[in-house]
Structure formats: structure tokens, C-alpha cells
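# Fold and geometry: a report
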Amino acid sequence: MVCRVVVLVSGTGTLLQSLLESGAEPGAGFQVVAVGSERADAFGLERAERAGVPSFVVPMLADRAEWDRRLAAAVAQCRPDLIVSAGFMKLVGPAFLARFGGRFINSHPALLPSFPGMHGVRDALAAGVKVSGTTIFMVDEGVDTGHILAQRAVDVLPDDTEATLHERIKVVERELLVQVVNELAKESNV
Ligand code: GRF
């Protein structure tokens, strides 16, 4: 059986695109069965549509716990084996983790545990590190604190800006995310 993957996105969705393409290859061990977002204007939703993959939007609510329950319910409807946060810029809460903890992974554009949070690339540059990179980890209740599954380093160049460094990290991030999803799909053996 092919591992059913739901991908959550907030933005342009280039990581999602890599997963859509890899999962659509003949003999792939996983398939992206749905894409979710909290933003109706996330370009990732258009990528899903182009790939013929269903999508859903759960807009953020003032009542964060209610939003968390609705997100968990929307994801559960897709019967996922694995959920991937690929540039999903919201933290999920207890209801989501109670349901999907241990099979919800995230990708971060820095070498955790250094530079967690929303500005990992900017913070790494500001600290003057010569090497940064990307981390794929299992999401827990903390901010980018979960069990690390894989990491890859990227050199910081002397003239790097946040944008140029982030773009080079994302090249590596796309490859690593696809690799980790393939490995987890094999392990889950669903
Ligand atoms: C990635 O670097 C991810 O780690 C970060 O946002 C970026 C998403 O890029 N949280 P994209 O929207 O998939 O192009």
C-alpha cells in the first residue's frame, strides 16, 4: 500500500511541489492525497489543483483551540498516514498533536536546535555563522523542538542576504524532505 501524505502549506509551496512530483512518479512509495492551508491565497493550493490533488482551507480563528480542532478534523478526513508541514507558518495545538503526534513532520531552514522560530535564516545570518542548513523533524508541542530526523548543511557565503541564503537552503531542503518522506513511507510499510 502507498503511504497517504497530507501536506500543509502557507506560501509558495516549492517544497510541496517536490513532494507532488516525487509522489507521482511510477512506483512511488507515497502519494500526496491532499493539501491544506490556513490561507485561501496560498500559491501551494494552486499547485495542488494543477496536480489534480484535492485541497482544503481552514482559516485561522480568534479561538485558536477551535481552529486546531477544525484543522485536525479536516486532516483526519483525508485518512493520512503522514502529515508534512512544508512552509506551514502556524503552530498546531493539543488537539492536532493528540491525533497526529508521531506522524507529523516539519522542515526548518536552519540547523536546529540553533535558530528555531519564524526567522531561522535571518537569525543565522545575524549570528555570523559560516554554515547553516536545513532540519527535518517530528513536530512536538514546542517551537521547532521535536526529534530530529535529518539535517543537511549549507555554506553561508560572504555576500549572502536572507533571500539568497534561503533560496540555496531550499534547494537542499526539497531534496532532503523528499528523502525523509520516502524513508518514513517505507518504515510505516502501510
Ligand atoms: C521553507 O524554507 C520552510 O522551511 C520554511 O518556509 C519555506 C517554504 O518554502 N518554513 P516554500 O513555500 O515551500 O517554497
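Treat the numbers as computed from the prediction; the structure is a model and nothing was measured.

## Digging into helix α2 (residues 43–50)
When we look at burial in α2, the residues that qualify are Gly44, Leu45, Arg47 and Ala48. Down the axis, α2 shows its buried residues gathered within 155° of arc, on one side only. The exposed set on the far side of α2, more than 90 degrees from its buried face, consists of Glu49 and Arg50. For α2, the elements touching its buried residues are β1 (3–9), α1 (14–23), β2 (30–37) and β3 (55–57). Phi for Gly52, located one or two positions after α2, is positive at around 75°.

## A few points about the sheet that holds β2
The seven strands lie next to each other as β3-β2-β1-β4-β5-β6-β7, forming an open sheet whose pairing is mixed. The open sheet has two free edges, formed respectively by β3 and β7 (148–155), since each of these has just one partner strand. Across the sheet, the axes of successive neighbouring strands diverge by a mean angle of 20°, strand direction being ignored. Examined bridge by bridge, strand β5 (residues 104–108) and strand β6 (residues 131–138) share four bridges and lie antiparallel to one another. Note on β6: the bridge partner recorded for Asn106 is Phe137.

Parameters and conventions
- Every residue gets a number counted from 1 within its own chain, in the order that chain's sequence is written.
- Per-residue local features of the predicted model are confined to residues with pLDDT of at least 70, and side-chain atom pairs are confined, for both listing and counting, to 80 or more; whole-chain, interface and lining totals are unaffected and use all residues.
- Excluding hydrogens and water, the side-chain figures rest on all heavy atoms present in the structure.
- Exposed residues in this analysis have more than 50% of their type's maximum accessible area, buried residues have under 20%, and partly exposed residues fall in between, with area computed by a 1.4 Å probe over protein chains only.
- Secondary structure elements are defined from DSSP: runs of H or I of at least 4 residues count as helices, runs of E of at least 2 residues count as strands, and each element is numbered from the N terminus.
- What the arc covers is the set of directions going from the helix axis to the C-beta atoms.
- Any two residues whose heavy atoms approach within 4.5 Å are treated as being in contact.
- Only strands joined by at least two bridges in the DSSP assignment are considered to pair.
- Simply put, an axis is a line fit to the C-alpha atoms, just over the touching stretch for a helix, and the angle between two N-to-C directions goes from 0 to 180 degrees.

By themselves, these figures tell us nothing about what the structure is for.
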